[in-house]
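# Per-entry structural report
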Amino acid sequence: MDNILITIKNVHKEYRTGGPSTVALMGVDLEIKENEFVCVVGPSGCGKSTLLNIIAGLEHYDSGEVKMSGEDIVGPGPDRGVIFQQYALFPWMTVRKNIEYGMKFIRKENRGKHYTRGEKRKLADHYIKMVNLEGFEDAYPKALSGGMKQRAAIARGYAVNPRVLLMDEPFGALDAQTRAQLQEELLLTWEREKKTCFFITHDVEEAVLLASRVIIMSARPGKVMEIVNIDLPYPRNQSTKLDSLFIDYRNHIWDTVYKMYLEVRK
Ligand SMILES: Nc1ncnc2c1ncn2[C@@H]1O[C@H](COP(=O)(O)OP(=O)(O)OP(=O)(O)O)[C@@H](O)[C@H]1O
Ligand SMILES: [Mg+2]
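Just so you know, these numbers come straight off a predicted model, no measurement behind them.

### Focus: the site of ligand 1
- Of all residues adjacent to ligand 1, which total 15 residues, the nearest are Ser44, Gly45, Lys48, Ser49 and Thr50.
- A distance of 2.6 Å is found between an oxygen atom of ligand 1 and a side-chain nitrogen or oxygen belonging to Ser44.
- Between Gly47 and ligand 1, the recorded distance is 3.0 Å, taken from a backbone N or O atom to an oxygen atom.
- Burial of ligand 1 by the protein amounts to 69% of the accessible area it has alone, namely 630 Å².
- Elements with a minimum of two residues in the shell around ligand 1: β2 (22-33) and α1 (48-56).
- A per-element tally of the shell around ligand 1 places α1 first, with three residues.
- Looking at the shell around ligand 1 residue by residue, the class counts come to three nonpolar, nine polar and three charged.

### Quick notes on α1
- Burial runs high along α1: eight of the nine residues are buried.
- Those residues of α1 that fall on the buried side of the exposure criterion are Lys48, Thr50, Leu51, Leu52, Asn53, Ile54, Ile55 and Ala56.
- Looking one or two places after α1, you find Gly57, whose phi comes out positive at around 85°.

### Some points on the side chain of Lys120
- Here Lys120 is to be found in helix α3 (residues 117-130).
- Buried charge Lys120 goes without a salt bridge, the closest partner of opposite sign being Glu100 at 5.7 Å.
- In this structure, Lys120 is in contact with Glu100, Met103, Lys104 and Tyr115, ignoring residues within four places of it in sequence.

### Notes on the domain arrangement of the protein chain
- One can read the domain layout of the protein chain as domain 1 (4-79 + 163-265) and domain 2 (89-161).
- Taken over C-alpha atoms, the centre of domain 1 sits 25 Å from the centre of domain 2.
- Taken residue by residue, the interface counts 18 residues in domain 1 and 12 residues in domain 2.
- In this assembly, domain 1 packs against domain 2 so that about 1100 Å² is buried in total across both faces, 58% of it on carbon and sulfur atoms.
- Where domain 1 meets domain 2, there are zero salt bridges.
- For the pair domain 1 and domain 2, the interface holds four residue pairs in polar contact (both at pLDDT 80 or more).
- The element that contributes the greatest number of residues to the side of domain 1 that touches domain 2 is helix α5 (residues 176-193), accounting for eight residues.
- Broken down by class, the residue content of the side of domain 1 that touches domain 2 amounts to nine nonpolar, three polar and six charged.

### Looking at the sheet that holds strand β7 (residues 164-168)
- Ordered in space as β6-β7-β8-β3-β9-β10, the six strands form an open sheet in which the pairing is mixed. The two strands at the open ends of the sheet, each matched to only one other strand, are β6 (80-83) and β10 (224-229). The sheet shows a mean angle of 15° between the axes of neighbouring strands, taken without regard to direction.
- The pairing of strand β3 (residues 37-41) with strand β8 (residues 196-200) spans four bridges and is classified as parallel. When the bridges of β8 are listed, Val38 appears paired with Phe198.
- Helix-sheet contacts for helix α4 (residues 146-159) involve β6 and β7, and the interaxial angle to β6 is about 175°.

### Looking at the sheet that holds strand β4 (residues 63-68)
- Strand order in this open sheet of four strands is β2-β1-β4-β5, and the pairing throughout is antiparallel. Bordering the open sheet on either side are β2 and β5 (71-72), each of which pairs with just one other strand.
- Judged from the nine bridges that link them, strand β1 (residues 4-15) and β2 form a sheet pairing that is antiparallel. Bridged to Ile4 within β2 is Lys33.
- Contacts between α1 and the sheet are confined to β1, β2 and β4, with β1 contributing the most and set at about 125° to the helix.

### Brief notes about the pattern of salt bridges
- Applying the stated criterion to the full structure yields 18 salt bridges.
- Residue Lys9 pairs with Glu65 through a salt bridge whose shortest N-O separation is 3.9 Å. On the criterion of sequence distance, the pair formed by Lys9 in strand β1 and Glu65 in strand β4 is long-range, its members being 56 residues apart.
- A residue is classified by how much of its surface remains accessible, and Lys9, at 43% relative accessible area, is partly exposed.
- The class of Glu65 is partly exposed, set by a relative accessible area of 28%.
- One network of salt bridges, with partners in common, ties together Glu14, Arg16 and Asp62.

Conventions adopted
Residues numbered from 1 in each chain as written. Chains lettered and ligands numbered in written order. Predicted model: local features only at pLDDT ≥ 70, side-chain atom pairs only at ≥ 80, totals over all residues. Heavy atoms only, no water. Near = heavy atom within 4 Å. Polar contact = N/O pair within 3.5 Å; in protein donor to acceptor, adjacent residues only side chain to side chain. Areas by Shrake-Rupley, 256 points an atom, 1.4 Å probe, with all protein chains shown as cover. Helix = DSSP H or I, 4+ residues; strand = E, 2+ residues; numbered from the N terminus. Nonpolar A, V, L, I, M, F, W, Y, C, P; charged D, E, K, R; others polar. Buried < 20%, exposed > 50% of the residue type's maximum accessible area, 1.4 Å probe, protein only. Lys, Arg positive; Asp, Glu negative; His and termini not counted. Salt bridge = Lys/Arg side-chain N within 4 Å of Asp/Glu carboxyl O. Contact = heavy atoms within 4.5 Å. Domains from an automatic or database assignment. Buried area = accessible area lost by both parts, 1.4 Å probe. Pairing = 2+ DSSP bridges. Axes fitted to C-alpha atoms, helices over the stretch in contact; angles between N-to-C directions.

Here's what the structure looks like:
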């Protein structure tokens, strides 16, 4: 459990887009352990998505170090699956094709072979069922609601079976019931498949329910302000929210984030 999988050291990132530049990250230090569930919270614009995109290899950084298993992260790879804040589906592909798409690039565990068509279909169907999209396999994204599109994007992220799941507010756009169900599914998937999860959310309850550690980032320029170990046993489910320790964690994290929000608005 204590093997460090991802190391982020003193990472700086500035966006320069012609006008005044924005310092998004200023000296971020973080270690993510193998099989750990890390949730990241912090005020809007504090650099959470930027940090996730850097770990995904989708964004450059100016200085510092970002390594996975001791190797510099220089680009995206099938070991890291990303589920974005906004549903990101190919509009010209059906739900099933969207989900099967990523599987083209990966190989079966241990055997090193690519998936056959039949295997891809079986896996896609399994994840379609998980996100309650049965009956919409052959629909195109334009025929789906926002929440349904996001559920299809989640299924696609899971189907690639990456070692690390990088999730940027994946449940933010969903109705409360689907959100609760997918939180529990994610916890089960994480426990069963021994994944490492890096999960951004604005919902403090969601962070405490899911995470073994909650990272609180400070307002821009972002850095790690506080790390809270969530010492609540797994398996967890919605009733974990009634635990008095849960409520203490939630109140502490909420107060910390809200204070920063008020500071920024002053
Ligand atoms: N492509 C970009 N070009 C220029 N500035 C950017 C770009 N992406 C992000 N920024 C800026 O960097 C800062 C951090 O943005 P980021 O998207 O990482 O924040 P966030 O914490 O994910 O916010 P939210 O909670 O609203 O999603 C913001 O000030 C934003 O304006
Ligand atoms: Mg964001």
